[in-house]
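A structural walkthrough
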Amino acid sequence: MKITILGTGTVGRTLATAWARSGHAVVLGSRRPGEAPSRTELSAALAAGVEVTDPEAAVADADVVVNATPGTVSVSALAAVGTAALEGKVLLDVGVGFDEEGGLSHPRESLGEEIQRTFPGTRVVKTLVTVDRELMVEPGSLEGPSTVFLSGEDADAKHTVLGLLADLGWPKDSVLDLGGISTARGQEHYALLFMGIAEAIGSYGFGIRVVPPAGA
């Protein structure tokens, strides 16, 4: 598949490198694709075969678009690419936004919901926002299994994302489908608990596991 990732921060670079190594054609959309500092930051991704170009060109023939931009600017970044360019595409959203006080920038409507509402013809799936970037691509690094979540309206888009999660090392029984895109609120609000846990244990490298009742 051709995967376009919008956002060249640590999350975008980590996902790009991992998917490229698993055999996908990965392109990073960057507003400054030719600048030397940017190329230095992207050295690991470039070594894995990731291409870098401007966002509009990157999205043009992508099978999947990944939003890895900061949540406070995600909608404007996607709008710059254009509604028509995103029409019908699977959009995997891993963004979470924080305000200046450390609270969520989307307290009443999740970023995933805002993206779906703003681009109704795009098939948005929210996932991977409950783990840190290193665990996103190395779920087997933990002492035991953990859970990652899906939120979205389109079953086929979820199936596509499920395959991409498998390519990152997430087994099918570690993925829990929460339902429609409104359930992305829970995923994003977990960010506040995540920060509290990280501070308490002194590490971001942990997962969570949904443990069902005995006999379920």
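Provided above is the structure to which this section pertains.
Reference entry: report on the structure contained in this document. (Residues numbered from 1 in each chain as written. Predicted model: local features only at pLDDT ≥ 70, side-chain atom pairs only at ≥ 80, totals over all residues. Heavy atoms only, no water.)

Within the chain, the regular secondary structure consists of ten helices and eight strands. Relative to the globule expectation of 17 Å for 216 residues, the C-alpha radius of gyration of the chain, 17 Å, shows essentially globular dimensions. By residue count, 47% of the 216 residues in the chain fall in the buried class. Residue pairs at least 24 apart in sequence account for 73% of intrachain contacts in the chain once pairs closer than 6 positions are excluded. About 10000 Å² of surface is accessible on the chain, with carbon and sulfur atoms providing 53% of the total. Considering the chain, the positive charge centre built from 16 side chains and the negative charge centre built from 27 side chains are found 2 Å apart. (Helix = DSSP H or I, 4+ residues; strand = E, 2+ residues; numbered from the N terminus. Rg over C-alpha atoms; globule rule 2.2 N^0.38 Å. Buried < 20%, exposed > 50% of the residue type's maximum accessible area, 1.4 Å probe, protein only. Contact = heavy atoms within 4.5 Å. Areas by Shrake-Rupley, 256 points an atom, 1.4 Å probe, with all protein chains shown as cover. Lys, Arg positive; Asp, Glu negative; His and termini not counted. Charge placed at Lys NZ, Arg CZ, Asp CG, Glu CD.)

With that settled, consider the pattern of salt bridges. Counted by the stated rule, this structure contains seven salt bridges. Arg185 is paired through a salt bridge with Glu113; the nearest N and O atoms lie 2.6 Å apart. Here Arg185 is found in helix H10 (residues 184-201), whereas its partner Glu113 is found in helix H7 (residues 111-118), with 72 residues between them in sequence. For Arg185, a relative accessible area of 38% puts it in the partly exposed group. In the salt-bridge network here, residues are joined through shared partners; they are Asp93, Lys126 and Glu188. (Salt bridge = Lys/Arg side-chain N within 4 Å of Asp/Glu carboxyl O.)

Positive phi values are uncommon outside glycine, yet Leu128 reaches one of about 65°. Position of Leu128 relative to the elements: it lies in the loop between strand S6 (123-126) and helix H8 (133-137). Given a relative accessible area of 0%, Leu128 falls into the buried group.

What follows covers a nonpolar patch on the surface. A cluster of nonpolar side chains, contributed by Leu176, Leu178 and Val210, occupies part of the molecular surface with about 210 Å² of accessible area. Locating Val210 in the fold gives a position in the segment after H10. (Patch = residues over 30% accessible without salt bridge, like charges linked within 9 Å, V, L, I, M, F, W, Y side chains within 5 Å.)

Let us now look at the pairing of S6. Both strand S5 (residues 90-93) and S6 contribute to a ladder of four bridges, which runs parallel. For Asp93, the partnering residue across the bridge sits in S6 and is Lys126. Between S5 and its parallel partner S6, the chain crosses via H7, and the hand of that crossover is right-handed. (Pairing = 2+ DSSP bridges. Right-handed = clockwise from strand over helix to strand, strands pointing away.)

The strand order S3-S2-S1-S4-S5-S6-S7-S8 describes an open sheet built from eight strands, whose pairing is mixed. The open sheet is flanked by strand S3 (51-53) and strand S8 (175-179), the only strands paired with a single partner. Neighbour to neighbour, the strand axes of the sheet diverge by 25° on average, direction disregarded. Packed onto the sheet, helix H9 (residues 155-167) meets strand S1 (2-6), strand S4 (64-67), S5, S6, strand S7 (148-152) and S8 and runs at close to 155° relative to S7. Its contacts with the sheet place H10 against S5, S6, S7 and S8, and it is angled at close to 135° to S7. (Axes fitted to C-alpha atoms, helices over the stretch in contact; angles between N-to-C directions.)

The next point concerns H7. Among all positions of H7, only Leu111, Gly112, Glu113, Ile115 and Gln116 are buried. Packed against the buried residues of H7 are S4, helix H5 (74-81), S5, S6 and H10.

Between H5 and H7, whose axes approach to 10 Å, the crossing angle comes to 25°. If you check the angle between H5 and H7, you find them roughly parallel. Considering the relative orientation of H5 and H7, their crossing is right-handed. Residue-level contacts link Ser74, Val75 and Leu78 of H5 to Leu111, Glu114, Ile115 and Thr118 of H7. For the contact of H5 with H7, the per-class residue count stands at four nonpolar, two polar and one charged. (Parallel < 35°, antiparallel > 145°, perpendicular 65-115°, else oblique. Left-handed = near helix turned anticlockwise from the far one by under 90°. Nonpolar A, V, L, I, M, F, W, Y, C, P; charged D, E, K, R; others polar.)

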